[in-house]
Structures are given as structure tokens and as C-alpha cells.
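# What the coordinates show
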Amino acid sequence: MKKNVRNPEQTTATIDTSVRDSKVVTQPPQRKTVEPQEVPAQPQKSETLDRDFSVLGKNVNKKDAYEKVIGKTQFAGDMKRPNMLYGGVFRSKIPAGFIDHLDISKAAAIPGVACVLTYKDIPGLNQTGIIIKDEPILVENKIRRIGDAICLVAAETEELVEEALNAIEIEYDEIEAVLTIDRAAEADSPKIHGETNLHQSKHLFCGDVDAAFEQCDVIVEKTYSSGMKSHMFIEPDAGLAEYVNGILTIYVSTQNPHFDRGEVANMLAISHNKVNVIQAATGGGFGGKLDIGVQCHLGLLCYHTGRPIKMVRKREESTMVSSKRHPMTMHYKTGAKKDGTILAMKIHMTGDTGAYASYGPAVITRAVVHATGPYYVPNVDITAEFYYTNNPMSGAFRGFGVPQISIAHEGQMNALARELGMDPIDLRIKNAHRVGTILPTGQELTESVGFVETLEAAREKMNELFNDETYQPSAPNKKRGLGIGCMWYGIGNTGLPNPAGAFVEVLGDCSVNLLVGCADIGQGSTTVMAQICAEELGLNYEDINVTYAHTMVTPEGGATSASRQTFISGKATQNAAYMAKQTLMEVASDYLKVPAERLIFRERKIWDREDPDTKMTYPMLMMEMRRIGKLALGVGSYNPKTTYLSPKDMSGIPFEVYSYATAIVDLEVNVETYETEVKNVISVHDVGTAVNPQMVEAQIEGGVVMGIGFALFEDVILTRGRIKNLNFSDYIIPAAMDAPKIYPLIVESEGEAGPFGAKGVGEPALIPTIPACADAVENAVGIHFGNLPILYIDIAREMNRKR
Amino acid sequence: MQNILVNMTVNGEPISRETAPNRRLLDFLREDLGLTSVKEGCSVGECGACTVILNGKAVTSCLILVGQAIGTEVVTLEGLHGEDELDPLQQAFIDAGAVQCGFCTPGMILAAKALLDENEEPDREQIKRSISGNLCRCTGYEKIIEAIELARDRRLNK
Ligand code: FES
Ligand code: FES
């Protein structure tokens, strides 16, 4: 692992050159921003030794690994209960229309069928949705997509569920399906929700783009697009519901247990504390398990039957109805001076949000805020529109629109470098975000901006691996190319409050119960929280037991999304641990007769930093605690310091911190078969502090390979709103043979915001590989591809056209 | 449909059970025997989550009817480790950080086990090929390959 601790002086010194000689804007734009939201008093910075950590930065074994390698981990589909029913969903087979006639009587009469439910059986709210509640839990009348849920069945066996679903009779009144955003925008198209198909529109601007373009020596203008993608987590959605002591308890594969709890309770019109959502082991999510999947359907069936019930989606059903990545089209106009200084960007983007909003509002906002890429641009005008259609629901997928726009902002940088005859890394360094940079939203970056260091580390590694003599194709029928891509990524929800909490109790034997809301979907947040807690308390990793994502027991954790858990739940954990430690400090201070602020807590020992011989062990301290009747308890929460964005120009503070990354892709194109093969990928990430470097690398590697799939082969194929490739046999994700040699590198930039300076890496890991693949293909074959994925048929078509 | 009698050896234990003839080996192991380490990800032989070792070969149990497996020897992840010692592959998967969500892990470890039992010293390419029928969406395969290399070396006492 490579660590580059940035040198803030050096980088801030170079900041202004990119701006000051521009005539159009001589000062960074002055923007009035709203004050950050009130944050409740937080515990002070902890007294750990500066960056000399005892638990952080260590590759401790993941908390969940042992159970997983012996096959004991219970995923929801593995659970069983006595007297358990199985559930299934009857879904629409048309993309748009109305239910003309529905007859469930034959299905309900089958012996062994416990119930068949329709929307009439919902006692409370028949609406769900993370941001806009526009999706019915069961359709009342109007059908908006293929796969809309219409009826639920519970039966004694899975075979009987199938039989009952087949016995349901339905007739539809089909109407025109709106299948493109062009059609959606037309005045006479059918309206999917309300009066207009326009789901959201955004406008972010600063400076004066038109005047700035006048000052530019070069202008690059191109259109880019990105198709629909499917998450293809390996575990299809699953859950089990039962009553435990009168509480409706739902074990489910989810990224969002606290949201799930509210949706189920509202549907049943019961109080939220009468529902307990417990995250079962979750076989991947990537954003596709943030929306309501089986939760409400299970809850309703359990409510009506009073019996335990399990639902496990088939792969095809899971792919059909879980959210998809927004297809987007992006038109970019970028202007720069001869020396590479970027002066202006004008951007217009559109997206297809499908039948329901899901995370659409978050995707459009994040895409707009990140659209310039990690570069200082003084004059910006960005407009965006997302439309409802009768296509599958688009939603959250690792990166919330940033992977899509990275294709465009990086495509533009590479095009600009070619136009100017400049080295693409030099061009980026010239315009890079640094501490002190003012963003188009008016926010000033104040800490932890390690972008330049990622570029430099990537260049160094590239020069080490490849040199001009040896860099040759592996065969005469192949062409080889290197490509570069970069990204920035705001941690947490965009311009919105998104707090998380934690509870800590240090027990008499120095072991700790840590309760956090944060769902662990395999990325390792449980391990990260334990490391942070142990570091703050001065205990060992093994001392910490973590209970997570269990809504009766753990506090709100928010969603495992937006790369936010290490930063936000991590900070909440640190705050909770610090609160417990304050009591411990008082007691130790009295006992050792040393002022509390001089005490060091580390590796199960406590000592005076000025006189290390004045010390006690943790067990002695806990004994003293017991003697005087004190408990070491802590409650912590954290809400990132952001502001709401202005509806006028989107100014404000969308995120408290940003992660940065650079990737270099080395690939070959076979000019006879037109197949691409990625051989090496360097991916450098500024993560603040790497809490567990091995797990950071694991995120990067997983992201790189998913990025290759995104750029070079994954594409959802739609015909009339129906996904044709629902399974792995025709939706091709990368297999081991497609995986290149990966060089994950970590940059640690300094900051105060996150827990011990940590930021996030889950989504950043994916992003830079995508534009880097497109650039590498262009450098290999000399053809620009702005539409991703770049499939072999696209390469064949363009190469033959060129010949 | 008349039940059939299934005799086979599972994780070293002789098994004799009646079950429905249309049951897949996957269902038989999961539902009848409770061996839930065998996962179902696609049901069409594409993801490898349901991989088990059958007569020494890694196979996808979603494509095998239980009747076809009568008289065979089957190993699932539950059968890999002893009372208090993990198989070198299990230990290596922990040490190399090769486990994320863990849904592919049982199939991956079994595919690797079948490889190492047949070829003591596979190289990186052979390792990649042996797990190319096992999809993982989390890891990018790198740490899984490293784990298999680590287990290979430990088995050879390197
Ligand atoms: S479930 Fe058998 S290969 Fe996917
Ligand atoms: S670890 Fe999640 S699919 Fe492999």
C-alpha cells in the first residue's frame, strides 16, 4: 500500500494560477451560502496520539468473515420457521394501462392457499418511496410498468404459491406506453403521474458562461450517453416476517432497515415501534436494495395470516422490479485558454427515471453538483431534466449519476488534452480541486482534498509499470491503449440532513457492546465501526461486539448508500465512544490524580502522557468504576455539516467532504474479433484515513471490475418496457477471466471532519475506471466513443466505417 | 408424483432419504438436509453460487436432479472444516480479505477446493479459470485469487 500524506502548504500555494489570469472571472465566484444546519454539541476531538493509531489502519479480520467461510451465516432465504408460509406476488405483464377486471376467487379457493390480498387489504398507506411516495404497494387501478405488484399470495408450499398466481384472472385496458423521454416530454403523451411527465429539473449556474466562452482559445463540444444497468447482486431479494411478542419482525436483505420500518408501519397504520426490521445477511446491494423490495408485501401477508412467512425472489423477478441505473444523455461544452486553464462549462443532461421516482431526485441533484468533475471552473451553467416513462424504475446504483457524468467530464478533459496537445495528467493538475477551491455551488473546500496526489501517484505507478519500449500489443492483431479517468464524490446525501446514531456500553470486563443502525452489506461497516470504537476507547478490536441494523435495538443509521457509513455512522460511533470515555476519564483522573486531558487511553491501558509511569490497566479502571457505582455509557450521533441547496441556482453546501480518485486503464482491442481485454488497472483513491486498508483495497478492486463491466459490456436491453436480459446468461457481468491485474493505491489526505479523518470509498471505487476504459479504447483504436457501454459491435461498426 | 429413495454420501455421512423426484440436488441439500451454505443465485447454471463438489468435481447443483446424484459423494462448505480447524482455503479467505457479502463464498471455496485437490500447484491463470463459473459482484476477484494462492502455498508448506 502506498500512503501519500499530502502537504497542504504546497498545494494551496499553486491554487490560484488556474483562475487569476482569466479576464472573465478574476475572483472565485462570491456566493452567499446559507449557514450550516444547527448541529448539537459534539464531543471534542479525542485524545488519541496524532495518526499513530493502535487499531485504525490495521487489517483486522472482518467481523463476519468466520461465519461466512464456514457456511453458517443466515441469509433471509436460509431461514425457516415452524408453520411457515411462502409468499408470492402477482405482477402486471403490460407497461401501461388500467385493470379492467380482476378475479382472485379461484386462486383463493385452492386448498393450502392461506390468502390472496389486493390493495383493499391495506389498512394504512398504499404508497411507498424513499423521496417521493409515488409507488403503490399494490396497484389499485393504474399500471405504470411491467412488474407492477397487483396481488399477493400466501400458501403452504412454493408450488402452491405458483399455482395460485397462475389461477388469478386479469384483464387489462392497455394504453400507449411512454418509452422514451422524447415522447414523455411531448404535450400529448399520456401522463404517468399527475399533470406532467417531467420528474425533476435542475439549474446550477455561476459566473457568466457566454462571456467566458468568448475568452476561450479552445472549445470542445460533445454528447455522451450511458445506458441502463442492472445491479446484479448475487443474492436475489429475500425476507422472512413473523410476530415476536406481538411485534411484527421482518428479517430482510436490505440496505435501509430504518426506512423499511417506517414504510411497513405506515402501510399497516401502526406505530413505528411495533415493527422491528432486522437486516439479514445481505448478499450485495450496490443501491438495488435501498428501495422497498419484499418488506411491505411480507408485512401485509404476515399481518393478515398471523403466521411466519418467507419470500425469496427468483432472479428474473428480482431483476425485473428492483431499481436500475438511470440511462442518461449529457451534452457538454467546455472552454479553455491555450495554457489549459478551464474557463467555462455549459452542460445539459437528461435522464429516464422510469415508472417511479425512487432515488431519481437524489441522482439528478448529485449528477448536477458533480458535473464539472474535480476541476475548478469559474463559469458554469448546468441544466438537467429527468422524465417519468413506463420503463423499469431507475434508482440508486453505486454512484447516483456520478458514474454517468464522469464519462462526460473525463471525456471532455481527454478531448481537451488532445486538442491542446497537453499531457492529460498535467491538464488535470492545472485545473484540479485543492484546499481553497471555490465550487460552482459557492462552497469553499477547506480540508482533505487529495486529488492532485492521486494524479501524481497514478502517474508514478504508470511510469513504473509501462515504458515506451516495452509497451506493445501482445499480438499483431491487437491494439493496446492506456486511458485515464478521474472523479470526485461528495460523502453523504446531497444538501440534505442525513444523521446516524450509535450507543456504546463498556462492560465490567472491558468488553464493549456497540449498537449502530448502519446496515453492513458485505462492504465491512461493522468491522470499521468496531475499529473506530476500539481506537477511541483505547481498547482492542476484539473487545468490541457490534449489533447493527436492528431497528428495535439500534438507533437510526440512515441508508447504507452515498458512501456515507464510514463517515457518518463512523463519526456517531466515535462520538458515542467518546461520551462513554468521558466518564472513564473522570474516574481515572481521580484515581491517578492526573488531569483528565493528560490521560492516554490505548491498548487496554491508561497513563499520564507527561509521566508514563502513572498508569493503570483497563480492568483496574472498570473495577474502580464498579466500586464507585458508575457506568460507562455513550450515545452519539452525527449529521454532516451541509445546507439545503438554493432552488434558484443550487448554491449552498451539498457535502461536508469529498473523496477523490484517479484510474489508469491498460487494455487491448482485438482488431479481428473487436473484443476488448483490460489487462491492468491502477486505481488511486483519496479516502482521508484508511480505517482498514485491506478493506479499502477490496472496495477499489470490486469497483474496478464493476467499472469494466459498466464501460465495456453491461447493458439492459428493453423492448416495450420489458427487460429482455433478466438473468446472468444474457446480462453479462465480469467473471474472473475478465478481471485484470489491479493496483489499488491509497492516498490519505488530512482532515478533521470524519472519524479520525476517514471519508468514504464504496462508490468512488467504481467511478474512475469507467471513463478510463473509454479513453483507453480511444487511444488503442483512434476512435472516440461517447456512448457507453462500448460493445464489440460498436467497435466493429466504427472501425469498419473508418476503413 | 411418487417419492424416490436417495442414497448418497454427504460430507462424509451416508444419507438415505425419500424425496420428490423433481427436486434438484440444490433443493435436496438446502431443504431436506438443511445445508444452507449452498446458495441459489440464478437457477440456470450461470452464477456458481450453488456449487458443490460431486465425486471430486465442482458442479452447479441447480442443474442436477437429485436422482442423478444417487450413489455419489457430495461435499458442501459445511463439510470442509474439522471440529476446530478450518480448511486452508477457509482460513485463507479470511486472511486475504476475500469475503465481502459472502453469498458467492461457499461456491468459490468449493470450486477452489476441487481445483487444489486435482492440481496441487495451479498458477494464477489456472486459478482464474477454475473460478470463472463463479460470479462475484463484490470483490473484483483479486482477493479471492490471492486467497486461493495463499491456500495453495500453505498446503504445500511454502
Ligand atoms: S444458482 Fe446454480 S449456478 Fe446460479
Ligand atoms: S462477496 Fe459478494 S458476491 Fe462475492
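Before going into details, it helps to say that this report is about the structure given with it. Numbering of residues starts from 1 in every chain and runs along the sequence as written. For naming, the first written chain is A and the first written ligand is 1, with later ones following in the order written. Two thresholds apply to this predicted model, a pLDDT of at least 70 for residue-level local features and 80 or more for giving and counting side-chain atom pairs, whereas whole-chain, interface and lining totals are computed over all residues. Computation of side-chain values: all heavy atoms of the structure, hydrogens and water removed.

## Description of the overall build of chain B
A helix here means a DSSP run of H or I that spans at least four residues, while a strand means a run of E at least two residues long, and both kinds are numbered starting from the N terminus. Across its full length, chain B holds five helices and five strands. In this treatment the radius of gyration is a C-alpha quantity, and the globule benchmark scales as 2.2 Å times the residue count to the 0.38 power. What you see for chain B is a C-alpha radius of gyration of 16 Å, in line with the 15 Å of a compact globule of 158 residues. When its C-alpha atoms are laid out on the principal axes, chain B stretches across 50 × 30 × 25 Å. The rule is simple: take the accessible area with a 1.4 Å probe, protein chains only, and divide by the maximum for that residue type; under 20% is buried, over 50% is exposed, in between is partly exposed. When the 158 residues of chain B are sorted by exposure, 57% land in the buried category. Pairs at least 24 apart in sequence give 54% of the contacts found in chain B among residues at least 6 apart. Only the protein chains shown count as cover for residues, and the accessible areas themselves come from Shrake-Rupley with a 1.4 Å probe. Element-wise, carbon and sulfur atoms account for 43% of the exposed surface of chain B, whose accessible area totals about 6,300 Å². Think of it this way: Lys and Arg go in the positive column, Asp and Glu in the negative one, and His and the chain ends go nowhere. For this purpose, a charge sits on NZ of Lys, CZ of Arg, CG of Asp or CD of Glu. Charged side chains in chain B number 16 positive and 24 negative. The centres of these two groups are separated by 5 Å. Should any heavy atoms of two residues lie within 4.5 Å, those residues are considered in contact.

## Some thoughts on the overall build of chain A
Within chain A one finds 20 helices and 31 strands. Projected onto its principal axes, the C-alpha positions of chain A cover 85 × 80 × 55 Å. Residue pairs at least 24 apart in sequence account for 81% of intrachain contacts in chain A once pairs closer than 6 positions are excluded. Total accessible area computed for chain A in this model is approximately 27,600 Å², and 50% of it derives from carbon and sulfur atoms. For chain A, the centre of its 79 positive side-chain charges and the centre of its 100 negative side-chain charges are spaced 1 Å apart.

## Notes on the packing of helix α12 (residues 402-420) of chain A against helix α19 (residues 769-781) of chain A
Residue and element names in this part refer to chain A. Comment: axis = line fitted to C-alpha atoms, over the contacting stretch for helices; angle = value between 0 and 180 degrees taken between N-to-C directions. Here α12 crosses α19 at 40 degrees, and the two axes come no closer than 8 Å. Classified by the angle between their axes, α12 and α19 sit oblique to one another. Judged by the twist between their axes, the crossing of α12 over α19 is right-handed. On the side of α12, the interface is formed by Pro403, Ser406, Ile407, Glu410, Asn414 and Arg418, while α19 contributes Ile770, Pro771, Asp775, Glu778 and Asn779. The labels follow the angle: roughly parallel below 35 degrees, roughly antiparallel above 145, roughly perpendicular from 65 to 115, and oblique for the rest. Crossing handedness is read from the near helix: turned anticlockwise from the far helix by less than a right angle, it gives a left-handed crossing, and turned clockwise, a right-handed one.

## Let's talk about the nonpolar core
Joining through side-chain atoms within 4.5 Å is the link that ties buried Ala, Val, Leu, Ile, Met, Phe, Trp, Tyr and Cys residues into a set, and such a set is a nonpolar core. Ranked by internal contacts, the top residues of the largest apolar core, which has 220 residues, are A:Met349, A:Val506, A:Leu537, B:Phe93 and B:Tyr141. For this core, the leading source of residues is helix α16 (residues 565-592) of chain A, giving eleven residues. Filtering out sequence-adjacent residues up to four positions away, B:Tyr141 remains in contact with A:Val705, A:Pro734, A:Ala735, A:Ala736, A:Ala739, B:Met108, B:Ile131, B:Asn134, B:Leu135 and B:Cys136. A:Ile122, A:Val264, A:Val275 and A:Cys296 belong to the second-largest nonpolar core, a separate cluster that totals 30 residues.

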